[in-house]
Amino acid sequence: MSRQSEKRHASALRPLAALFSLLTLGACGESSVESWEIFTVENSHVREGNRLFPDDPASALGHYDSAARELPSEGGVHLNRGLSLLATEQHDAARSALLLASEAGNAEEVRADAHYNLGLSFYGQGDSSAGEDDHEEAQRLFREAADAFRQALRMRPGHADSAWNLELALRRIQEQQ
């Protein structure tokens, strides 16, 4: 597989990951979300952020920031913040939010999604570093991506997107050597 098609595939998964997370972590009160029991209380900021995210992730971020202040221990809020930050290409801040979502004590689904999206963030930055011929940094970032995808697979065995992206990251590590 060429680098260009690898890049296309990795970036094509980003919206799917965000959409999956938002659908499963959406506003409480929806019957499909109640069964997940991810949020312990309904929050209007989460609901509004979820409404805005598909078309305007930057505006959604403001609502997720407010929700995070009100619900600092809700991993789903940090996951949604991380996804909005990724969508606006704020990788360092996104990784901080995703790391909060990946902490023990959060729902397993949230933690698995957080690790998966951490992998996407590291992979995307690794791809940029490789394009700038910073092979050492690219290799470091691809290793971080591979670690995150491995963790996502440990939490969600058989997840095809995590397995695929792990393989891509491992190939990119080899290319950068």
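Parameters at a glance
- Residues numbered from 1 in each chain as written.
- Predicted model: local features only at pLDDT ≥ 70, side-chain atom pairs only at ≥ 80, totals over all residues.
- Heavy atoms only, no water.
- Helix = DSSP H or I, 4+ residues; strand = E, 2+ residues; numbered from the N terminus.
- Buried < 20%, exposed > 50% of the residue type's maximum accessible area, 1.4 Å probe, protein only.
- Contact = heavy atoms within 4.5 Å.
- Areas by Shrake-Rupley, 256 points an atom, 1.4 Å probe, with all protein chains shown as cover.
- Phe/Tyr/Trp six-rings, centres within 6.5 Å; stacked < 30°, edge-to-face > 60°.
- Axes fitted to C-alpha atoms, helices over the stretch in contact; angles between N-to-C directions.
- Parallel < 35°, antiparallel > 145°, perpendicular 65-115°, else oblique.
- Left-handed = near helix turned anticlockwise from the far one by under 90°.
- Salt bridge = Lys/Arg side-chain N within 4 Å of Asp/Glu carboxyl O.
- Nonpolar A, V, L, I, M, F, W, Y, C, P; charged D, E, K, R; others polar.
- Core = buried A, V, L, I, M, F, W, Y, C linked by side-chain atoms within 4.5 Å.

**Thoughts on the overall build of the chain**
In step 1: Summing up its helical and strand segments, the chain has 9 helices and 0 strands in all.
In step 2: The secondary structure elements of the chain, listed N-terminal to C-terminal, are α-α-α-α-α-α-α-α-α.
In step 3: Here the chain holds 177 residues, and 50% of them are scored as buried.
In step 4: For the chain, long-range pairs separated by at least 24 residues make up 57% of all intrachain contacts whose partners lie at least 6 apart in sequence.
In step 5: Surface accessibility of the chain: about 8600 Å² in total, with carbon and sulfur atoms responsible for 49%.

**Here we look at the packing of aromatic side chains**
In step 1: Under the criterion given, the structure shown has 2 aromatic pairs.
In step 2: Ring geometry for Tyr116 against Phe149: centres 5.8 Å apart, planes inclined by 55 degrees, an arrangement best described as tilted. Pair noted here: Tyr116 is in helix H7 (residues 108-131) and Phe149 is in helix H8 (residues 135-155), with a separation of 33 residues, a long-range link.

**Quick word on the side chain of His78**
In step 1: Position of His78 relative to the elements: it lies in helix H5 (residues 75-87).
In step 2: Once you skip the residues sitting within four places of it in the chain, His78 turns out to touch Ala68, Pro72, Ala97, Leu98, Leu100 and Ala101.

**Observations concerning the packing of H5 against H7**
In step 1: Contact geometry of H5 with H7 gives a least axis separation of 10 Å together with a crossing angle of 20 degrees. Our classification of the angle between H5 and H7 gives roughly parallel. For the pair H5 and H7, the crossing hand works out as left-handed. Between H5 and H7, the residues in contact are Gly75, Gly76, Leu79, Leu83 and Leu86 and Val110, Asp113, Ala114, Asn117 and Ser121, respectively.

**With respect to the pattern of salt bridges**
In step 1: Counted under the stated rule, the structure contains 10 salt bridges.
In step 2: The partner of Asp92 in a salt bridge is Arg95, and the shortest N-O contact between them spans 2.9 Å. Separated by 3 residues within a single helix, Asp92 and Arg95 lie in helix H6 (residues 91-101), roughly one turn from each other.
In step 3: Asp92 sits in the exposed class, given a relative accessible area of 55%.
In step 4: A relative accessible area of 11% means that Arg95 is categorised as buried.
In step 5: Residue Arg150 is joined to Asp147 by a salt bridge in which the shortest nitrogen-to-oxygen separation is 3.0 Å. Note that Arg150 and Asp147 are positioned in helix H8 at a spacing of 3 residues, about one turn of the helix.

**A look at the packing of helix H4 (residues 57-70) against H5**
In step 1: Following both chains from N to C, one finds H4 and H5 inclined at 155 degrees, their axes separated by 9 Å at the closest point. Relative to H5, the element H4 lies roughly antiparallel. At the point where H4 passes H5, the crossing takes the left-handed sense. Residue-level contacts link Pro57, Ala60, Leu61, Tyr64, Asp65, Ala67 and Ala68 of H4 to Val77, His78, Asn80, Arg81, Ser84, Leu85 and Ala87 of H5.
In step 2: Of the residues assigned to the contact of H4 with H5, the class counts are 9 nonpolar, 3 polar and 2 charged.

**Topic: the nonpolar core**
In step 1: By size, the foremost hydrophobic cluster in this structure holds 34 residues, and its most contacted members are Leu79, Leu98, Tyr123, Phe142, Ala145, Phe149 and Ala169.
In step 2: Breaking this core down by element, the ones donating at least two residues are H4, H5, H6, H7, H8 and helix H9 (160-176).
In step 3: Broken down by element, this core gets its largest block of residues, 9 residues, from H8.
In step 4: Among the nonpolar cores identified, the runner-up in size contains 5 residues, and Val46, Ala68, Leu71 and Val77 belong to it.

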